[in-house]
Amino acid sequence: MSNKKPRMKGKDITPFLVFFLPMLFLCIFLFWPLLNTLLRAFMKMGSKFSLDNLSLQGFKRIFTMPIYLSSLKNSFIVGISVTVLSLLIGVPMGYCVARVRIPGKKMILSLGILPVIMPSFIGAFSWIILLGRQGTLRAALNWMLGPLGLQIPSIYGLGGIIFCMTMTYYPFVFLLAEGAFGAANALLEDSAMLMGASRAHIMRTITLPLILPSLGAASLLVFIRAIGNFGIPAILGGETYVLPTLIYFRINGFWDLNGAASIAVVNVIITGTVLYLQKRLVSKRQYEVVSSARSQIRQHENKGARIFASIFCFIVLVTSLLPQITIVIMSFFTKWTGLFPEGFTLNNYLRIPKNSGHEFFNSMFLSLVATFLTAILGSLVAYITERRKPKGAAVLDMAIMAPFVLPGTVVSVALISAFHNNGIIALGGTYTIIIISYMIRRTPYVYRSVVASLTQLNPSLEEASTIAGAHWIYTFRRVSVPLILPGIISGSILTFSTLLQELSTTILLYGAKTRTVPIQIYSAVNEGLLGQASALSVILLLIVFIITYISNHSGKASLSAGLKMG
Amino acid sequence: MSLNLSYQGVNKIFNDKTKAAVHALRDVSFTVNPGELFCLLGPSGCGKTTLLRSTAGLETITSGKIMYGDTDITTIPPFRRNIGMVFQSFALYPHMNIFENVAYGLRVRKVPEAEVKRKVTEVMELVGLQDELKRNPSPMGLSGGQQQRVAIARALVYDPDILLLDEPLANLDAKLRRYMRAEIRRIQKRTNITTLFVTHDQEEAMAIGDRLAVLKLGVVEQIGTSDELYNKPENAFVSNFIGKMNFFSGQIEGSCDSARINGRPIIVSVDHEKNRSDGMPGTKVLIGARPEQMEVSSLASSNSIEGKVGIIQHLGQFIRYEVTVPCNVSEKTMEIDMPQLVPGIKEGDEVFISIKSGKGFFFPQEVSVNEQ
Ligand SMILES: Nc1ncnc2c1ncn2[C@@H]1O[C@H](COP(=O)(O)OP(=O)(O)OP(=O)(O)O)[C@@H](O)[C@H]1O
Ligand SMILES: [Mg+2]
């Protein structure tokens, strides 16, 4: 100031420029596509995208034509049943693991997460091997139940979809419930016990109300995922459609973008309504669950309870892990229609380099590039909203998080709707459009993870740098990034490992040149090539497991953060 | 050559125009002289940190001006102000060794490597860390006092125009605090950088500062040297914040430098200099007396008030008597320092206390004054 004259007077505008770039990206690739979809939903079927063609035809069809109406109904049935069943399985299991003395708790917890990490469509097709029309498990069970005059129905249809989704999503409830039961204040329960309350009374009046917010959040997560899931109903649905598969059907079968847009809008409205209701209900009952040392929590020692709990957890865990075991076995055989697989072979694997080399390259390339760009975008936006707090930070935050609750098919409908090959910017069938869809869908992962690291980073470290004369970009590079790197890395790993198995967005966006491994698995299943599909799945799972394993052993926060976002 | 740092009518309102508005600084105006070590002192939440952060540019003030010499720095962004700051938490970078921590401001300024080496070595010698610099560990492995020195070195290395210290000693233990405050004064006098030092510890402020500003609820109550604040406090708040003050309520009697303690036939007269009441006879005033301006005796005199001895503490140079005096419905505890033990007075005894003639202060009766 004295000898050195200030280089410039007035405010520093760089943050606003850098704020502007991500905003621009979001405007072009998120807001505009969503707005486009919304407008398109009001276009007559088959008509051009123009304000002259406005009509409510698309919506009218949803509420009048049988296939639309039944899809809507099916989506509701699936969403609600999967949520209820997940609660019925997850809550007791969480209670057993947290409150009953049973062996192998650690293992139950770490195996319990596997169904979530595994792509749900892989689970679906291995259930076909087990419970399909000629499924091995079904054959065995029917043979046993035959004398009683009972029959297990095949996995196809609504029941199978619900069953398979429940086995995929119950871990959300189980893990959150376990955490809540484990953390609920032991002192509160002790004092109630001293006042003479019975165990059941304490459960009803103290413990359950305390964990209700956690359960509410878990149910919401399950519901949103269930009605947004594409892979399971696509494989197990057959003639039974739900909204995401109907969207796919409208586009893939009829190139009816306008119709697909109407369905997408309805799908988003359902998600939004549920989200809103949950916010209203849960925010009214937020209690401070003061966590206490886990050892203080009273455990059931009773022998009956222990045996029951062990068996219950064992059955659930084995059932939810059967698909993984099944596809590993299947990948070494050509056929598995009777009790035992037939035709041992290594061909399923040996053919991969030739048949799937390009797909593996695509999957790796798309995921890596998208992860890299997502890491930059997510960290930058997290830093800006958290540290610079510009006007409109709340809007940016919401915009970034919105795709987190949007079903993958909706995101791709929006992108197709805005960038299909007859549009102004033609991106159909390119790598670019897939990478953009991946970025839009996964930025929340990195964003959340980085915001969490930033809130733990004392701002005075960055202020010290500013005062020492550093421009904020310098500060970001030299101080903030090195210190939030763990957050960036864990968010990126989660992004990468979930992108490798992405199906629901890719399936509407890929072209001949951009097929990925999950797409190939999906079509192999449709062609009945279960051996080939299994071998590809095993490789994919191995990669995902290795990545998840490494990330778990390098940073603790990643997995729980990943769980919350799935 | 340093210049004046002056604040002109500075106001800071957090969350302005909302329900949660906090008026953290009110019309703050004063000037810090070049090379001065200036202390900001006040109770928690009075706005010391806010004033410091506004000086650094980390907060934008709501109105007013901050001038450095003739330059208005109010709107200059913080990274262009050339200021050094030491944070309470030290804010050292865990991912850099101590050399890189200290060199940070030079690296930002793209100083050539040889110059960086020379400057870092020089400043580390100044703060007494030349040996640690040879090992060059991560700052996380250093003791609190050493971390503090690194933080000071980091703030000084690029010759800032102003040095800001926000409670830099709060994280150190009592013995180290005393040592480090002397060190800080030594370093400041050696470098002669205009320095603002924030603390809520009046002993620390009096020991270290050339001048002090006492803040209360965002308002500067008084500015002066330790001596001026102690001997000529402008109001009851300052008088009780800088050193201890015993208070009595009273009324001006006769001339304006004598007053009668309420409900007693006692007249207190003060040195005209210290009389801040300027009141007519009958005006209510607050009569203040420092512990050493009072006396304890086992004998009554015409100017004494009866009380009961609570605790007697031997504090080295003097003996402190705590005497409870009935006051309206409750009672008050007075602290009185005597040069030596008064024979015949034990804890629990009835005694008589008085204000030495010509000593004591008159303050206007304030509603919210912290009477004790
Ligand atoms: N970012 C902020 N937003 C809202 N109010 C604030 C903010 N920072 C400080 N305040 C308020 O401004 C007032 C002054 O705060 P400041 O931190 O300057 O006090 P302080 O004198 O440094 O106190 P301490 O001795 O506790 O550090 C307080 O009432 C505080 O609550
Ligand atoms: Mg402070």
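Residues numbered from 1 in each chain as written. Chains lettered and ligands numbered in written order. Predicted model: local features only at pLDDT ≥ 70, side-chain atom pairs only at ≥ 80, totals over all residues. Heavy atoms only, no water.

### Focus on the domain arrangement of chain A
Residue and element names in this part refer to chain A.
Working step 1: When its domains are assigned, chain A resolves into domain 1 (14-45 + 347-566) and domain 2 (56-345).
Working step 2: Listed by partner, the interface residues are 47 residues for domain 1 and 50 residues for domain 2.
Working step 3: Summed over both sides, the interface of domain 1 with domain 2 buries roughly 4,200 Å², with 76% coming from carbon and sulfur.
Working step 4: Our count for the domain 1 to domain 2 interface comes out at zero salt bridges. (Domains from an automatic or database assignment. Contact = heavy atoms within 4.5 Å. Buried area = accessible area lost by both parts, 1.4 Å probe. Salt bridge = Lys/Arg side-chain N within 4 Å of Asp/Glu carboxyl O.)

### Things to note about the interface of chain B and chain A
Many analyses report the size of an interface as the accessible area lost when the parts associate.
Working step 1: With 37 residues of chain B in contact, the opposing surface of chain A contributes 26 residues.
Working step 2: Buried area between chain B and chain A, both sides added, is near 2,800 Å², and the carbon and sulfur share of it is 63%.
Working step 3: For the chain B face of the interface with chain A, the top three residues by lost area are Phe-79, Arg-80 and Tyr-104 of chain B, together amounting to 26%.
Working step 4: One can count one salt bridge joining chain B with chain A.
Working step 5: Across the pair Arg-53 of chain B and Glu-463 of chain A runs a salt bridge, and its minimum N-O distance is 2.7 Å.
Working step 6: Summed over the shared surface of chain B and chain A, the result is eight residue pairs in polar contact (both at pLDDT 80 or more).
Working step 7: Here the side of chain B that touches chain A takes five residues from helix α2 (residues 98-108) of chain B, the largest share from any one element.
Working step 8: Classifying every residue of the side of chain B that touches chain A gives 22 nonpolar, six polar and nine charged. (Polar contact = N/O pair within 3.5 Å; in protein donor to acceptor, adjacent residues only side chain to side chain. Helix = DSSP H or I, 4+ residues; strand = E, 2+ residues; numbered from the N terminus. Nonpolar A, V, L, I, M, F, W, Y, C, P; charged D, E, K, R; others polar.)

### A closer look at the state of the cysteines
All names here are of chain B.
Working step 1: According to the stated counting rule, one finds zero disulfides over all chains in the structure shown.
Working step 2: Cys-39 supplies the cysteine sulfur nearest to Cys-46, a cysteine that is in no disulfide, at a spacing of 13 Å.
Working step 3: With a relative accessible area of 2%, Cys-46 lands in the buried category. (Disulfide = S-S within 2.5 Å. Buried < 20%, exposed > 50% of the residue type's maximum accessible area, 1.4 Å probe, protein only.)

### A word on the sheet that holds strand β4 (residues 63-68) of chain B
Paired through their backbone hydrogen bonds, the strands of a sheet run either parallel or antiparallel.
Residue and element names in this part refer to chain B.
Working step 1: One open sheet accounts for four strands, arranged β2-β1-β4-β5; its pairing is antiparallel. Taken across any chain shown, the strands that pair with only one partner, and hence form the sheet edges, are β2 (22-32) and β5 (71-72).
Working step 2: Here seven bridges tie strand β1 (residues 5-14) to β2, and the two strands are oriented antiparallel to one another. Following the sheet pairing, Ile-13 is matched in β2 by His-23.
Working step 3: Packed onto the sheet, helix α1 (residues 48-56) meets β1, β2 and β4 and runs at close to 65° relative to β2. (Pairing = 2+ DSSP bridges. Axes fitted to C-alpha atoms, helices over the stretch in contact; angles between N-to-C directions.)

### Re the sheet that holds strand β11 (residues 246-252) of chain B
Residue and element names in this part refer to chain B.
Working step 1: Strands sit in the order β13-β12-β11-β14-β20 across an open sheet of five strands; the sheet is antiparallel. Taken across any chain shown, the strands that pair with only one partner, and hence form the sheet edges, are β13 (267-269) and β20 (361-364). The mean angle between the axes of side-by-side strands here comes to 45°, regardless of whether they run parallel or antiparallel.
Working step 2: Relative to strand β14 (residues 284-289), β11 runs antiparallel, the two being bridged by six bridges. The partner of Gln-251 across the bridge, within β14, is Lys-284.

### Some thoughts on the site of ligand 1
All names here are of chain B.
Working step 1: The environment of ligand 1 is formed by Phe-14, Asn-15, Val-22, Ala-24, Ser-44, Gly-45, Cys-46, Gly-47, Lys-48, Thr-49, Thr-50 and Glu-167.
Working step 2: At 2.8 Å from an oxygen atom of ligand 1 is found a side-chain nitrogen or oxygen belonging to Lys-48.
Working step 3: Those elements that provide at least two residues to the shell around ligand 1 are β2 and α1.
Working step 4: Here the shell around ligand 1 gets three residues from one element, more than from any other, and that element is α1.
Working step 5: Residue composition of the shell around ligand 1, grouped by class: four nonpolar, six polar and two charged. (Near = heavy atom within 4 Å.)

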